[in-house]
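The lines below spell out each chain.
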Amino acid sequence: MTFKNYKHCAPIQVRFSDVDKLNHVNNAYYLTYLETARVQYFRQVFGNQVNWSETGFVIARSEINYKVPIYLNDDIHCFTTVEKLGNKSMTLQNAIVKKVGNELVECADGIIVLVAMDYTTHTKIPLPDLWRELISEFEGKNFFII
């Protein structure tokens, strides 16, 4: 499998506490891995151009498809891309992979839908044009609504 459609890849550290009695990473930690990659993605794409104490996102949907177990000593990375920008939401696609020799083996894929929020008023907001512009530039796609 190739991951050339993804512009962002974040290393993920598997912690001892992530592993359950079956010696693989417990399913609940996969969402944490997606969150870690998502934070790194937005840090890279937005830099310091967003005041995260005033605006940001809430998760409206999360979906994970588990494919291959992850173990404590696996070398894990999470790929992230923006699949779609709506008026007030965006859909992210993720792939969690592990390196096995020279190959990348997909362990899970995920979809996360985020809704833009004004944290001060606790209301949904339209995606700011700046966010749309920065994501479009990073992803090499035009996400502007015509």
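Definitions and limits used
Residues numbered from 1 in each chain as written. Predicted model: local features only at pLDDT ≥ 70, side-chain atom pairs only at ≥ 80, totals over all residues. Heavy atoms only, no water. Phe/Tyr/Trp six-rings, centres within 6.5 Å; stacked < 30°, edge-to-face > 60°. Helix = DSSP H or I, 4+ residues; strand = E, 2+ residues; numbered from the N terminus. Buried < 20%, exposed > 50% of the residue type's maximum accessible area, 1.4 Å probe, protein only. Axes fitted to C-alpha atoms, helices over the stretch in contact; angles between N-to-C directions. Parallel < 35°, antiparallel > 145°, perpendicular 65-115°, else oblique. Contact = heavy atoms within 4.5 Å. Nonpolar A, V, L, I, M, F, W, Y, C, P; charged D, E, K, R; others polar. Salt bridge = Lys/Arg side-chain N within 4 Å of Asp/Glu carboxyl O.

1. Concerning the packing of aromatic side chains
Summed over all chains, the structure comprises 13 aromatic pairs. Look at Tyr 30 and Tyr 66: their rings are 4.9 Å apart centre to centre, the planes differ by 80°, and that puts the pair in the edge-to-face class. With Tyr 30 in helix H1 (residues 28–46) and Tyr 66 in strand S2 (residues 55–66), this pair connects stretches of sequence that are 36 residues apart. Residue Tyr 30 is classed as buried on the basis of its relative accessible area, which comes to 4%. Arranged with centres 6.1 Å apart and planes meeting at 50°, the rings of Phe 42 and Trp 52 form a pair that is tilted. Taken as a pair, Phe 42 in helix H1 and Trp 52 in the loop between H1 and S2 lie far apart in primary sequence, 10 residues in all. Following the ring pairs from residue to residue traces out a cluster consisting of Tyr 41, Phe 42, Phe 46, Trp 52, Phe 57, Trp 131 and Phe 138.

2. Describing unusual backbone geometry
The phi dihedral of Asn 23 is positive, around 70°, even though this residue is not glycine. Tracing the sequence through the fold places Asn 23 in the loop between strand S1 (8–12) and H1. Using a relative accessible area of 53% as the deciding quantity, one classes Asn 23 as exposed. Here the phi dihedral of His 122 falls at roughly 60°; this positive angle occurs in a residue that is not glycine. Its place among the elements puts His 122 in the loop between strand S5 (103–118) and strand S6 (123–124).

3. Describing the packing of H1 against helix H2 (residues 129–139)
Their axes nearest at 9 Å, the elements H1 and H2 cross at an angle of 100°. The pairing of H1 with H2 is recorded here as roughly perpendicular in orientation. Each of Tyr 41, Gln 44, Val 45 and Phe 46 in H1 lies in contact with H2, whose residues at this interface are Trp 131, Leu 134, Ile 135, Phe 138 and Glu 139. Taken together, the residues of the contact of H1 with H2 sort by class into 7 nonpolar, 1 polar and 1 charged.

4. Overview of the pattern of salt bridges
According to the stated counting rule, one finds 5 salt bridges in the structure shown. A salt bridge links Glu 106 to Lys 67; its shortest N-O distance comes to 3.3 Å. Taken as a pair, Glu 106 in strand S5 and Lys 67 in the loop between S2 and strand S3 (76–85) lie far apart in primary sequence, 39 residues in all. Lys 67 sits in the partly exposed class, given a relative accessible area of 44%. Here Lys 67 ties to Asp 109 by a salt bridge, and the two come within 2.8 Å at their closest N and O atoms. Highlighted residues: Lys 67 in the loop between S2 and S3 and Asp 109 in strand S5, separated in sequence by 42 residues. A relative accessible area of 16% places Asp 109 in the buried class.

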